[in-house]
Amino acid sequence: MRRRDHNIFANASALLICGLLAGIVVAAAVFPAAAMSGLAAKAGGTQFQKLPSELRAYSSPQITRIYAADGKTQISQFYDEFRSDVPLKDISANMQAAMVAAEDREFYHHNGVDLKGIARAFVSNNNGNSKQGASTITMQLVRLTLTQSATSSREVVAASADTPKRKITEMKYALQVEKELTKSQILERYLNIVPFGNQTYGVFAASQVYFNKKPKDLTIGQAAMLAGMVKAPSGFDPTTPSGYKQIKDRRNNYVIPGMVLSGAITQAQADKALKEPIPKTVTSVGNGCVSVAKNNWGFFCDYFYRWWMSQPQFGATSYDRERRLKSGGYRVVTSMDVTAQDSARKEITDEIKDTNKNAILIAAVEPGTGRVRALAANRRYKLDSRAHPQNKISSDPAKARHHVRGSYPNTTNPLITGGGDIDGYQAGSVFKIFTMVAALEHGYPLSYPINAPQQAKTHYIIQAGSDSACPGTHFWCPTNSDPGEAGRYNMWTGFGRSVNTFFVPLEEKVGAQNAVAVAKRFGIQFRSSQDARYADDPASAEQWSAFTLGVSASTPLDVANAYATLAGDGMYCSPTPISQITTRDNEKLDIGKPSCIRATSTDVARAALDAARCPVGDSSQLGSCGGYHTAGDVRGTVEHPVFGKTGTTDKSKTAALIAGTTSLVVAGYMVNPDYQNHSDHMSHPMVNTAVMDTLRDFMKGKPKVQFKVPGSRKIAEGDQRSIPDITCQPIGAARSEVENAGFDVSIGDPVDSDCPAGTAAGTDPSGRTIKGGGVTIQPSSGRANKPVPGRRGPPVRGGPIRTGR
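It should be emphasised that the depicted structure is a prediction, and the values quoted were computed from it without experimental measurement.

**Focus on the side chain of Asp-531**
Relative to the elements of secondary structure, Asp-531 occurs in helix 22 (residues 529-536). Those residues in contact with Asp-531 that sit more than four places away from it in its chain are Phe-526, Trp-544, Ser-552 and Ala-553.

In structure tokens form, the structure reads like this:
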């Protein structure tokens with residue numbers, strides 16, 4: 001067992017120094033000012049009246065604690081050294097007395113250097129007896145402070161070297177410390193800096209690890225054991241057989257009797273303390289995100305950690321930032337809502353097991369602030385054991401051939417937020433929102449009609465012979481998932497039914513590059529290198545034909561925050577895990593506070609959101625959803641005004657739902673995180689239920705807040721123009737007349753009418769429509785068909801525009 005005490009007076013030079021320092025100590029006791037001036041300078045050859053800054057202002061490394069948004073629920077903690085300073089008033093008198101009895105019984109009677117102790121140690125050590133030290137608590141404080149504040153290996157050696165020079169330096173500084181600090185201040189600093197073994201530093205940590213209690217609650221026996229350990233923490237470690245025996249002997253036969261001798265306790269109290277048990281095990285102390293209070297909080301904790309490590313305010317390098325996190329003693333109140341977080345995990349668990357290779361990933365964001373309220377998945381946040389792995393072999397055939405294990409049920413990968421090797425997942429039609437916003441920005445109103453056939457013919461160039469190309473061409477010709485979707489739609493009905501052949505032509509009209517630009521402004525990250533090449537090059541983006549169908553990789557967090565931008569009146573707020581960061585000195589930092597910029601105009605955001613109410617079963621305030629929806633039970637489940645969108649990729653390899661209110665937007669993806677080119681069909685009922693039930697749980701008891709409408713109805717109605725009456729005119733003449741009126745004309749399929757065959761039976765739409773909008777001329781078949789009075793053709797799907805409510 002290595003003791004801290006060293007024989008530093010074993011030769012004549014040491015004896016000389018001892019005598020000289022003895023003079024200084026005596027002088028300091030009688031003439032403090034003189035001792036600290038002339039005599040001190042003669043002894044050391046240098047002046048030491050002025051303490052180095054390390055001793056004046058040194059702050060020991062402290063635990064950073066991470067809390068949920070309520071400011072009370074601790075998520076986790078980060079530290080290099082498990083240490084947290086506490087004021088002396090919060091440390092039991094038992095602990096204070098025990099430390100004095102164990103380490104420096106003359107503490108209250110010397111001026112920093114114990115002259116008698118020096119003499120006693122000199123005589124004992126030179127008589128061949130067991131080595132003794134003469135370090136007072138003040139001298140130990142000096143050494144520990146200089147050691148722990150050292151910034152180089154040379155400084156560490158100088159502060160802890162077994163040399164007369166080091167001892168003299170300690171004595172010099174100890175004398176000055178005693179002049180500048182009270183005994184209580186010295187003892188408080190010492191109790192907070194001294195190591196107690198088992199990776200604990202300071203009495204707070206020691207109380208937690210050895211007795212699972214606060215320092216103010218330590219009993220006499222417990223305090224005496226901890227104080228007894230300081231002399232040699234590893235040697236007196238009660239968790240080892242030899243250490244247990246030695247600390248029991250030191251506690252019972254040295255520390256407790258010393259407390260009686262000082263008058264701190266009575267003999268009766270000592271007798272009782274001798275019977276107190278000494279622990280043979282210690283409490284495991286968590287550190288970092290793998291030690292969160294609840295496992296399902298791990299993904300949020302990981303997001304916080306990655307966010308912190310990306311902030312240059314915490315240091316120029318990742319090393320500096322991590323040191324700040326693990327030693328800065330910050331109090332971090334995060335944005336995580338415990339109710340939303342636990343609800344998301346519960347609703348996911350109700351739908352799918354952790355051992356399923358497929359995953360439901362949920363992110364929840366607050367509109368107007370970007371605060372991330374929940375991140376959950378059917379995964380356990382932990383590293384899979386190498387020795388006893390639980391994870392199954394990866395579902396990726398290439399990895400499976402090499403017996404690489406997948407991410408289920410255990411993983412620490414950022415599946416929900418992206419980063420590292422996680423680029424994201426195709427989300428399907430949820431990306432149609434970006435095309436709609438771009439169209440609104442370019443003057444197309446919500447009521448803009450487009451004739452959506454089963455297969456749209458575009459000018460986007462793809463590889464000739466591709467399954468997606470028009471026969472015999474190299475032009476992309478996408479189709480709808482359901483042949484029954486063909487018809488005329490506007491933005492309410494087209495978005496409500498998620499009609500591909502409405503949104504691809506709309507994207508072509510406004511320019512795919514403009515839809516991509518909206519997505520970038522709304523926070524889509526384009527982590528995939530291929531996606532980034534398209535997104536960053538306008539010429540490439542212009543030909544990104546399938547962008548509106550959601551072929552770009554994204555994460556639930558990306559898309560939740562993008563849709564939250566609509567609910568935030570067009571203000572994009574960078575996602576943040578922070579509510580408030582407070583330093584150890586109680587200074588509140590602005591880092592992580594909401595940082596918002598305008599991504600689109602207020603009216604565009606409100607108009608797009610109005611159309612986005614259709615897919616989730618809510619009612620538009622500006623127009624009509626026409627009865628179309630893809631997740632119609634969301635409104636009834638949440639029982640609040642809602643908006644959102646579903647998304648499905650080819651062959652249902654991904655299923656997604658976004659659902660939001662004015663208070664929260666929840667995005668859920670059902671994917672295979674390990675292998676996206678799988679053959680499974682993802683279940684919309686499963687992911688939809690998890691998302692809308694999470695939103696329902698969060699909104700329960702909250703007031704129902706209606707969405708705001710644009711300041712002008714023009715963004716919904718557009719510039720309405722009358723369509724010429726071309727009934728029974730020759731097709732060529734009818735076309736010319738309608739085109740001259742400023743409309744985009746197409747010829748539809750024949751319909752039965754009283755007009756002669758080959759003439760115009762009517763138009764779709766009829767009456768009035770948007771200036772520049774599409775009008776289909778319906779040729780007559782020549783077969784009579786009683787017309788409906790007052791109607792010249794079928795209406796646009798979704799019906800006429802009606803007033804808001």
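Next comes the rest of the account.
**A word on the sheet that holds strand 25 (residues 774-779)**
The strand order across the open sheet built from three strands is 22-25-23, with neighbouring strands paired in mixed fashion. Looking at which strands have only one partner, the edges of the open sheet turn out to be strand 22 (744-747) and strand 23 (760-764). Across the sheet, the mean angle separating the axes of adjacent strands is 25° when strand polarity is ignored. Across the sheet, helix 29 (residues 731-740) touches strand 22, strand 23 and strand 25, and the angle it forms with strand 25 is around 165°.

**Considering the confidence of the model for the chain**
Residue-level pLDDT values for the chain average 89, and 88% of them are 70 or greater. Note that residues 1-18 has pLDDT below 50 and, in this model, 38 contacts with residues that lie over four places away or in other chains. The model gives residues 24-49 a pLDDT under 50, and that stretch makes 35 contacts with residues more than four places away or in other chains.

**Some thoughts on the packing of aromatic side chains**
In the structure shown here, the tally under the stated rule is 26 aromatic pairs. Between Phe-107 and Tyr-108, the aromatic rings sit 4.9 Å apart at their centres with planes inclined by 70°, giving edge-to-face as the arrangement. Ring plane angle 25° and centroid distance 6.4 Å describe the contact between Tyr-563 and Phe-643, whose orientation is recorded as stacked. Taken together, the residues span a long stretch of sequence, with Tyr-563 in helix 24 (residues 556-567) and Phe-643 in strand 18 (residues 643-648) at a distance of 80 residues. Phe-643 carries the same exposure label as Tyr-563, and that label is buried. Grouping aromatic residues by their ring pairs yields a cluster made of Phe-78, Phe-304, Tyr-305, Trp-307, Trp-308, Phe-314 and Tyr-330. Geometry around Tyr-67 places Arg-331 over its ring, the cationic atom sitting 4.5 Å from the centre. Sitting over the face of the ring of Phe-495, Lys-645 holds its NZ or CZ atom 5.5 Å from the ring centroid.

What counts and what doesn't
Residues numbered from 1 in each chain as written. Predicted model: local features only at pLDDT ≥ 70, side-chain atom pairs only at ≥ 80, totals over all residues. Heavy atoms only, no water. Helix = DSSP H or I, 4+ residues; strand = E, 2+ residues; numbered from the N terminus. Contact = heavy atoms within 4.5 Å. Pairing = 2+ DSSP bridges. Axes fitted to C-alpha atoms, helices over the stretch in contact; angles between N-to-C directions. pLDDT = per-residue confidence, 0-100. Phe/Tyr/Trp six-rings, centres within 6.5 Å; stacked < 30°, edge-to-face > 60°. Buried < 20%, exposed > 50% of the residue type's maximum accessible area, 1.4 Å probe, protein only. Lys NZ or Arg CZ within 6 Å of the ring centre and 35° of its normal.

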